[in-house]
Amino acid sequence: MEIVRLIGTPFSFFSYRVIWALKLKGINYEYIDEDMSQKSPLLLKYNPIHKKVPVLIHGEKSICESMVIVEYIDETWQLNPLLSTDPYDRAVARFWAKYIEEKSYSTWNVFCNTGEKQQNAIKESLEMLKTIEENALGEKYKLFGGENIGLMDIAFGGYAHWMEIIEEIVGVKLLDPQIFPRLNAWVKNFKEVPVIKDNLPDRDEMFVYMKNAREKMLAAP
C-alpha cells in the first residue's frame, strides 16, 4: 500500500478539508506541518507551481488544491462516499462547491480589511450566505450531503468553526441565526459529527493566531 502524506498548516481551513476527508475514509496518513514563512524543500518539490498548502502525497504522486484533493480521495477510496452515484446529484454538489470556492473570498476580505473595503466585503458575504440559505440547503436533511457528510459539507466546513472566530475578532455578525436559521442548524449538525468534532483546531489557539495575523496585515504598508 502506498504511503499517504499531507503537507498542511495548523489553522488552515483548506488543510482541514483534506483532514476531514481522510478521516471519513479511515485512511492512515502522515501529517507534515509546513512553515509558510520558510517553505520547505518538500513543499517546493511537490507543489512547485503555487507553493501552497495543502498538498497530498500518495506514494510519489502529488495532488494540490483542497477540493481537488478531496475529490481525488473520494475517487481513490470507496468507503463513505462524499458524492452520490447519481450523475445529477454529483453535478449539483460540484456546482455548489465551486460556488463556495468562488465566493468565500468575500468573508476573508471582511477579515483582512477595514472601512469601505470591509463594508463591501460584508455585503458580498451576506449575499453569498443568503443564496446558500435559500437555494442549497434543503429543509428535510441535517447536512448538505443529506444525512451524511458530502462534498459540499466539506467545501463549506470553514463556516462551522472559523466564521465565529472571524466574527469575534472583527466585531461583525455575519451568520445571524435570525437571518440564516438553516445554516446555523447546519453548523450545529456538522460539528456534532464525531469525525468533525474530533478534528477541529483548538479555538483559543486559533483565535490568538488569527488575531495576530490580522493585526500584522492591517499594519503592513
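Residues numbered from 1 in each chain as written. Predicted model: local features only at pLDDT ≥ 70, side-chain atom pairs only at ≥ 80, totals over all residues. Heavy atoms only, no water.

Asks: If you had to explain the nonpolar core to someone new, which residues and values would you point to?
Replies: When a protein is soluble and globular, its nonpolar side chains tend to lie buried together. Ranked by size, the top nonpolar core spans 66 residues in total, and within it L129 and I132 carry the most contacts. In terms of residues, this core owes the most to one element, helix α1 (residues 13-25), which gives eight residues. Excluding residues within four positions of it along the chain, I132 makes contact with W96, Y99, I100, L137, F144, M152, F156 and L183. Core analysis: the next-biggest nonpolar cluster, separate from the first, contains eight residues, I32, L43, Y46 and C64 among them. (Core = buried A, V, L, I, M, F, W, Y, C linked by side-chain atoms within 4.5 Å. Buried < 20%, exposed > 50% of the residue type's maximum accessible area, 1.4 Å probe, protein only. Helix = DSSP H or I, 4+ residues; strand = E, 2+ residues; numbered from the N terminus. Contact = heavy atoms within 4.5 Å.)

Asks: How would you summarise the UniProt feature "domain: GST N-terminal" (unreviewed entry) in the chain if you had to cite specific residues and measurements?
Replies: In the UniProt entry, the feature "domain: GST N-terminal" (unreviewed entry) is given for residues 2-81. Helix makes up 38% of residues 2-81 and strand 21%. Its end C-alpha atoms lie 20 Å apart. (UniProt positions renumbered as here; feature names shortened; annotations may be inferred.)

Asks: Explain the packing of helix α4 (residues 87-103) against helix α6 (residues 115-135) to me, using residue names and the numbers behind them.
Replies: Here α4 crosses α6 at 165°, and the two axes come no closer than 11 Å. The orientation of α4 relative to α6 falls into the category roughly antiparallel. Crossing handedness for the pair α4 and α6: left-handed. Here W96, Y99, I100 and K103 of α4 lie close against α6, whose contacting residues are E127, M128, T131, I132 and N135. Partitioning the contact of α4 with α6 into residue classes produces five nonpolar, two polar and two charged. (Axes fitted to C-alpha atoms, helices over the stretch in contact; angles between N-to-C directions. Parallel < 35°, antiparallel > 145°, perpendicular 65-115°, else oblique. Left-handed = near helix turned anticlockwise from the far one by under 90°. Nonpolar A, V, L, I, M, F, W, Y, C, P; charged D, E, K, R; others polar.)

Asks: For α1, give the residues involved together with the corresponding values.
Replies: Spanning 13 residues, α1 covers 19 Å between terminal C-alpha atoms, matching the ideal 18 Å at 1.5 Å per step. In terms of burial, α1 is a largely internal element, eleven of the 13 residues being buried. Looking only at α1, the buried set comprises F13, S15, Y16, R17, V18, I19, W20, A21, L22, L24 and K25. The distance from a side-chain oxygen at the start of α1 to the backbone nitrogen of F14 is 3.2 Å, and the residue carrying that oxygen is S12. Once α1 finishes, G26 follows within two positions and takes phi at roughly 70°, a positive value. (Expected span 1.5 Å × (residues − 1). Polar contact = N/O pair within 3.5 Å; in protein donor to acceptor, adjacent residues only side chain to side chain.)

Asks: I'd like a description of the packing of aromatic side chains, backed by residues and values.
Replies: All chains considered together, the criterion is met by 16 aromatic pairs. Each ring, one from W96 and one from Y99, has its centre 5.4 Å from the other, and the planes form 75°; the classification is edge-to-face. You can see W96 and its partner Y99 sitting in helix α4, three residues apart, about one turn around the helix. The exposure class of W96 is buried, given its relative accessible area of 11%. Considering the side-chain rings of W186 and F190, the 4.9 Å spacing of their centres and the 20° angle between planes classify their relative orientation as stacked. With W186 and F190 both in helix α9 (residues 181-192), this residue pair falls four residues apart, about one helical turn. (Phe/Tyr/Trp six-rings, centres within 6.5 Å; stacked < 30°, edge-to-face > 60°.)

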